[in-house]
Amino acid sequence: MTLTVNTPATTQTPAMNPLRKGLRMERTPQPCVMVIFGATGDLTHRKLIPALYNLALEHLLPEGFSMVGFARRPWDDKVFQETALESVNKFSRRRPVQPSVWEQFVKGIRYVSSDFNNPEGYKKLAETLDAIDKERGTQGNRLFYLSTNPSDYETIVENLGQAGLAKPQSSSTTEAWTRIIVEKPFGHDLKTAQELNDVIGRAFRENQIYRIDHYLGKETVQNLLVFRFANGIFEPIWNRQYVDHIQMVVSEELGVEGRGPYYDTSGTIRDMVQNHMMQLLSLVCMEPPINYEANAIRDEKTKVLRAIKPLDSDEVVERTVRGQYGPGTIFGKPVPGYRQEERVDPNSITDTFVAMKLFIDNWRWAGVPIYLRTGKRLPKRTSEISLQFKPAPQQLFGSSGVPLEPNVLVLQIQPNEGISLKFGAKVPGQTMNIRPVTMDFRFGQSFGVAAADAYERLILDAMLGDSTLFARRDEVEQAWAIVTSIIDGWKLHMPPAFPNYEAGTWGPKEADELIERDGRQWRRL
Ligand code: BG6
C-alpha cells in the first residue's frame, strides 16, 4: 500500500494539494474492465457508478477503463449508459456531471443481459470482454464485482469458473490479472461464511478475492493506523496499564429504508457488528504490524479477533443487549416502529440495536472491557471510538471529593471527522478549580479537502491489487465465530419484549445498565 505524507494544507486549495497530485501519479492502475454483477441494483446505482465516475474525474482510472453491467433486466448498452448517468447526477459526490469527463467515461460502458445461471450469458460476457480488450486496450485485466443478492454468489462464481473467466487471462505481452470483489453480507453465520469461502475458493485463489467492508475505505478508519503507528507518543499508553476501557459507537438515525426483507433476516448483529464494528475493533486493538503490507496488517487484525473468545450462553445473557425500535420521533418528525416498516414481519424479533461488552484475552488488553453499541433510529448519526484512561494515581487537587473527569481520547469516524483529547485544566481564578477541556483536530479544517467516498478508495485499491483494506478469509470467519456465538446464545433465551426502545432514543435501558453495572457510563454523544 502506498503512503504519501502531506504537510498541513492551511494555505492549499484542493486543486494544488500535493497529496492528490502524488496519488494521481502513483496510483494509476493498469487498463482494466470492471464487471458488475447486479448492475441494476441499488448499490450499483448509489455507490459503484458514482465512485467510478469520481475516479474518472480525478484522472485515477486507467486509460481505456471499461465497465460491463451484468444483470437480468433486458437492457442494452444504451439503457445502462442512461441509467449510469442518472446515478451520477443523483448520487455523485461531485455534481453536476462534467460533460468532457462523462463523454470519455460512457464510451467504455457495456451491458450483458442474462440470468445468473445461464451459461450462455457468461459466453456472451467472455465475448464482450474480448471485444473490449481489442477496442479499448484493457489487456485482459478483469475486476468482477459481486453486488447481487448473496444467494446468487455461488451460481455466479461457479459459472465464472466454468466459463474459464476466473483464471487470469494470459496474453502474449503482459501477465493479465483477474480479481473479484465480494460485497457483504459475507455469509449468514460461521458455517455459511465458511461454505461461501469454499465455493469462491474453488474458482479463485485467495489473492484474487477482495472481501469488501466499506468502513475500511473511510479516511478516518485508515487514519487509525497512522495515528497509532506513525506517532511515538500514543503507543506506550495504548494498553491495559493506562486504558480503563474502550467504547465504540456506530449510531444511525435512519431506519431500515425499504430494506425490510434483507434486514429482517439479518438484524444489526449481522449488518453492523460482524463486519464494520469487528473491523474497527481489530484496527484499534491490534499489535503493530511488522510492515505496512496487506498480510502483515491482516495477520495482526486476525490475532486480535482470535483473542476474543466466543461467548457461552451465560455470557451472552450477561454481556449483550438487543433492542428493537418502536414508533417515535426523529428530528421532531414521527416515524414508525420497526414492525410497522414496509415488508417487515409485524411480529419480528429482529434486532435493530445491539450493545455488548467484549474482552480481548491478550497481554495488551487483558481485563479491559470493550463496550460496543450500534443501532438504527437512534437520535443521530455518529461513529466514534473512545479510549477512557485510568485516573491519575493520586488526587492532588479538589478536596471536595468530586472525582476529576477522566482523560478521554476520541477518534471521531463520522461526521465531523477528527480526533480529540479531553483533559483537566485549571479554571482561571483564585481557587484551584479544574474543568475538562479538549484539544481538537478536525480533518476538514486541517486539510481543507473533502474526503473521497469509501468505495472510490476501495475499488481503486482492488484495481491496483492492494488488498490491505479488504478482509481475509480467516479474519471474516473469526469475526463470524464471535458473532455466531452471540446469535446462538440469543436463540436459547426468550427475546426481550420488543419493541424495547422508542425511535429517537439511545436504545433500551438495559444497554445503560450493561455499562453502569461496571461503574461506568456511555459517553454523551
Ligand atoms: C451498511 C449497512 O453496511 O452500512 C447499513 O448495511 C448501514 O444498514 C450502513 O446503514 C452504514 O454505513 P455508513 O457509511 O453510512 O456509516
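See the structure shown above.
Only a predicted model underlies this, so the values are computations on that prediction, with no experimental measurement involved. (Residues numbered from 1 in each chain as written. Predicted model: local features only at pLDDT ≥ 70, side-chain atom pairs only at ≥ 80, totals over all residues. Heavy atoms only, no water.)

Chemist: Describe the site of the ligand, with residues and values.
Modeler: Taken together, K184, H214, Y215, K218, E252, R259, D271, M272, H276, K376, R381 and Q414 make up all the residues around the ligand. Contacts to the ligand include K376, whose side-chain N or O atom sits 2.8 Å from an oxygen atom. Here an oxygen atom of the ligand sits 2.7 Å away from a polar atom, N or O, in the side chain of Q414. Notes on the ligand: free accessible area 400 Å², of which the protein chains cover 82%. (Near = heavy atom within 4 Å. Polar contact = N/O pair within 3.5 Å; in protein donor to acceptor, adjacent residues only side chain to side chain. Areas by Shrake-Rupley, 256 points an atom, 1.4 Å probe, with all protein chains shown as cover.)

Chemist: Go over the sheet that holds strand β5 (residues 178-182) with me, naming the residues and quoting the values.
Modeler: Reading across the sheet, the six strands line up as β3-β2-β1-β4-β5-β6 and stay open at both edges, with parallel pairing between neighbours. On the outer flanks of this sheet lie β3 (109-113) and β6 (209-211), each paired with one strand and no other. Within the sheet, the average angular offset between the axes of one strand and its neighbour, ignoring direction, is 20°. Where strand β1 (residues 33-37) meets strand β2 (residues 66-71), five bridges bridge the pair, whose relative direction is parallel. Bridge assignment links M34 to a residue of β2, and that residue is M67. With respect to the sheet, helix α14 (residues 454-464) is in contact with β1, β4 (142-146), β5 and β6, its orientation differing from that of β4 by roughly 135°. (Pairing = 2+ DSSP bridges. Helix = DSSP H or I, 4+ residues; strand = E, 2+ residues; numbered from the N terminus. Axes fitted to C-alpha atoms, helices over the stretch in contact; angles between N-to-C directions. Contact = heavy atoms within 4.5 Å.)

Chemist: Kindly report on empty space enclosed by the protein, identifying the contributing residues and their values.
Modeler: One pass over the full model with this rule turns up three cavities of 30 Å³ or more. Along the walls of the largest cavity sit 16 residues, with D213, Q274, N275, A471 and V476 positioned nearest its centre. For the lining of the largest cavity, the element with the highest residue contribution is helix α10 (residues 267-285), accounting for four residues. Class assignment of the residues belonging to the lining of the largest cavity gives a composition of eight nonpolar, three polar and five charged. In this model, the second largest cavity occupies a volume close to 60 Å³. For the second largest cavity, the full set of lining residues is T220, N223, L224, F227, L411, Q412, I413, G418, I419 and F443. Elements with a contribution of two residues or more to the lining of the second largest cavity: α8 (219-229), β15 (408-414) and β16 (418-426). Top element by residues in the lining of the second largest cavity is α8. It accounts for four residues. The class makeup of the residues in the lining of the second largest cavity is six nonpolar, four polar and no charged. (1 Å grid on protein atoms, 1.4 Å probe; cavity = no way out; pocket = protein on both sides within 12 Å on 5 of 7 lines; lining within 4 Å. Points joined across faces, edges and corners; volume = space filled by probe spheres on them. Nonpolar A, V, L, I, M, F, W, Y, C, P; charged D, E, K, R; others polar.)

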